[in-house]
Amino acid sequence: MSCATRVLPLQMGLRYLSAARSGGYFSFLSLFSIAAMALGVASLVIVTSVMNGFERELEGRLLRLLPEVTIVHDHGYSAQQAERMALQLAELPTVTGSYPQVVGAVMVATNSQQQGAFLRTLGVDEEATAVLSKATLEQLQGPFTAVIGTQLARQLGVRPGNPVTVTLPQFSTTPFGVFPRSRQLTVVGTFSLGTQLDSSTLLISAQTANQLFSGRAIERQIAIELRADLSAEQFIHSQRSWQAEQPLFVGSQWRPWQSEFVSFFAAVALEKRVVTLLLFMIVVVAGFNIIATLSLSVLAKRKEIAVLRTIGLQRHQVVAVFLVQGLLLGGIGILSGLVCGVPLAYWLPDIVHFFERLGSAELLDSSVYMIHALPSQLELSDIVFTALGALFLSFTAALVPAWRAGSILPSEALRYDR
C-alpha cells in the first residue's frame, strides 16, 4: 500500500470536517459535539482537581499530628526498647525523625459529661509546634496537664484551666475491690486541625503518660517521620529486608498513617469515582452528538461514497474516513476542554479569591468548612485518564456510522441518482 493511499482517509476526513462548517444544521451539530466534549472534559479536570485539593488539604492537616508510620507490637515495648528502636530508625537515610509514642483509648469526663477519646503523646518539636503554640507547649510540660481538641472541649463544656477526669482501660486492685484507674488532668489549651481528631484526641506529655500508665508498655509504639518525597507505603515496602535483619523488630507491625482512616478515605475515593462518573455523562452526550453528526454526513455523501468505491476505494478505507472525522470532532473538543480546564483548575484558588474580594463575600466560611480558600490539586493521571476516556468514547461513537458508510453498495447508492 502506497503512502498516498495511507494518508487518503486522513485527507478526506479533514475535508469532510471542514465542509461541515458551512452546512446549516449539520454545522450546528458539529459545533455542538465539539462544545459538549470540551465542556465535559473541562468539568472533569476542574472538579477532580478540587476534590484532590480537598483530599490533600485533609491529609496535610492530619499529618500535622499523626506520624507517617507507626511500629507496634502485640505485647508493647518497654521504655528502653522504644528508645533503642527510635535511635536505630533515626539512622535510616529516608527518616527525618523517630520517637517513642504512647497512644491509648480513654474515657474523658467532667461533672456533667463524658466522652470516649484517644490519649496521645506529642512527637518531636517540629510536629508539636505545628499543632500548639510555644506557650501551650511549656504549660503542657507541667505534671498531669493536657491539651484537647476544640470539638471535644465543646462537647465536654471545658475551657483552659478546667479539670477533666481520665479513666484508663486498666484496673487497680485495692482492699475494697477492683477499680478502673483514673486521674484528674488540668486542661491547659485546645487545638484545632479541622478534622475528626478535634473531637477525639487528648494530648499529653511523655512524662504524664509514663505516670498515668505506670511504665506499662502495652500502649507504647514507635512513630516515624519521613521525607516529603516518600510515601508511607513505599517506605514500609523498602524496609522489609532491613526489618528482617534487626532482632529488635521481630514480631513488630509497621502501619501507615492511613490505616487509622481506612473507611474514611475509602468513602472519599468512592465519592470521587461517583462524581467523575456523573460528569462523564456530559462526554457521553457529546458522543451521541458525534453519532448524529456522522450519520448525517454518511447520508449526505452516499453518492460520493459510491463513486469512490467504484473507482477503487476499499471498504476499510471508507470506514477510516469517517473514523477520522469522528476522532477529529472528539479530539478538537478534548483539546479545547484541556486548554480551558487545566489553566482554570491550576488558577482556581486565585480566581475564587479575586471574586471574593470583588464581591466582599466568602465562598467558604472558615468557621463552617475549616478552610478559608478553595483548594485545587492537578494530577497528571486524572488529566490523562479523562483525555483517553473521552477519546475512546469518540472512537466508539464514530464506529457505527463509519461501519454503515463502509457497507454502502455502489450499485444501490447510484440506482436512484438523478
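Asker: Would you mind showing me how to read the packing of helix α12 (residues 315–359) against helix α14 (residues 380–406) here?
Answerer: Two numbers describe how α12 lies on α14: the axes approach to 8 Å, and their chain directions differ by 150°. Regarding the angle of α12 to α14, the classification is roughly antiparallel. Considering the relative orientation of α12 and α14, their crossing is right-handed. Counted together, Arg315, Val318, Val319, Phe322, Leu323, Gly326, Leu327, Gly330, Ile334, Leu338 and Val342 of α12 and Ile383, Ala387, Ala390, Leu391, Ser394, Phe395, Ala398, Leu399, Ala402, Trp403, Ala405 and Gly406 of α14 form the full contact between these two elements. Grouping the amino acids of the contact of α12 with α14 by side-chain chemistry returns 18 nonpolar, 4 polar and 1 charged.

Asker: In this structure, what is going on with the environment of Leu65? I would like to understand it.
Answerer: Here Leu65 is to be found in the loop between α2 (25–63) and β1 (69–72). Assessed through its relative accessible area of 1%, Leu65 is described here as buried. Each C-alpha atom of the pair Leu65 and Leu203 lies 9.9 Å from the other, and the pair is 138 residues apart in sequence.

Asker: Looking at this model, I keep getting lost on the packing of helix α10 (residues 262–300) against α14. Mind explaining?
Answerer: Relative orientation and spacing of two packed helices are given, respectively, by the angle between their axes and the distance between those axes. Between α10 and α14, the least distance of the axes is 9 Å, while the angle of their chain directions is 30°. One finds that α10 runs roughly parallel with respect to α14. The two elements α10 and α14 meet at a crossing, and its hand is right-handed. Across the interface between the two elements, Lys272, Phe280, Val283, Val284, Gly287, Ile290, Ile291, Leu294, Ser295 and Val298 from α10 touch Asp382, Gly389, Ala390, Leu393, Ser394, Ala397, Ala398, Pro401, Arg404 and Ala405 from α14. The residue makeup of the contact of α10 with α14, split by class, is 13 nonpolar, 4 polar and 3 charged.

Asker: Can you walk me through the environment of Thr293 in this structure?
Answerer: When you line up the elements, Thr293 lands in helix α10. For Thr293, a relative accessible area of 0% puts it in the buried group. Note: C-alpha distance between Thr293 and Leu31 (262 residues apart in sequence) is 9.7 Å.

Asker: Can you help me understand α12 in this one?
Answerer: Residues separated by three or four positions in an α-helix point in the same direction, a consequence of the helix having 3.6 residues per turn. Where α12 bends most, the angle comes to about 65°, and this point is Leu348, followed within four residues by the proline Pro349. Within two residues after α12, Ser360 carries a phi angle of roughly 55°, on the positive side.

Asker: I tried to follow the pattern of salt bridges on my own but got confused; where do I start?
Answerer: Side chains that differ in sign of charge can pair as their charged atoms come close. Tallied over the full model, the rule gives 6 salt bridges. Notably, a salt bridge pairs Glu55 with Arg56, separated by 3.9 Å at the nearest N-O pair. Measuring nitrogen to oxygen at the nearest pair gives 2.9 Å for the salt bridge that ties Glu379 to Arg56. In this pair, Glu379 is assigned in the loop between α13 (366–369) and α14 and Arg56 in helix α2, connecting sequence segments 323 residues apart. Salt bridges linked by common partners bring Glu55, Arg56 and Glu379 together as one network.

Asker: Mind showing me how you'd approach the side chain of Ser252 here?
Answerer: With respect to the secondary-structure elements, Ser252 resides in the loop between α9 (240–244) and β9 (253–256). A distance of 3.5 Å separates a polar atom in the side chain of Ser252 from a polar atom in the side chain of Gln243. Side-chain polar atoms of Ser252 contact the side chain of Trp254, separated by 3.3 Å.

Reading guide: rules and limits
- Residues numbered from 1 in each chain as written.
- Predicted model: local features only at pLDDT ≥ 70, side-chain atom pairs only at ≥ 80, totals over all residues.
- Heavy atoms only, no water.
- Axes fitted to C-alpha atoms, helices over the stretch in contact; angles between N-to-C directions.
- Helix = DSSP H or I, 4+ residues; strand = E, 2+ residues; numbered from the N terminus.
- Parallel < 35°, antiparallel > 145°, perpendicular 65-115°, else oblique.
- Left-handed = near helix turned anticlockwise from the far one by under 90°.
- Contact = heavy atoms within 4.5 Å.
- Nonpolar A, V, L, I, M, F, W, Y, C, P; charged D, E, K, R; others polar.
- Buried < 20%, exposed > 50% of the residue type's maximum accessible area, 1.4 Å probe, protein only.
- Bend = angle between axes of the 7 residues up to and from the residue.
- Salt bridge = Lys/Arg side-chain N within 4 Å of Asp/Glu carboxyl O.
- Polar contact = N/O pair within 3.5 Å; in protein donor to acceptor, adjacent residues only side chain to side chain.

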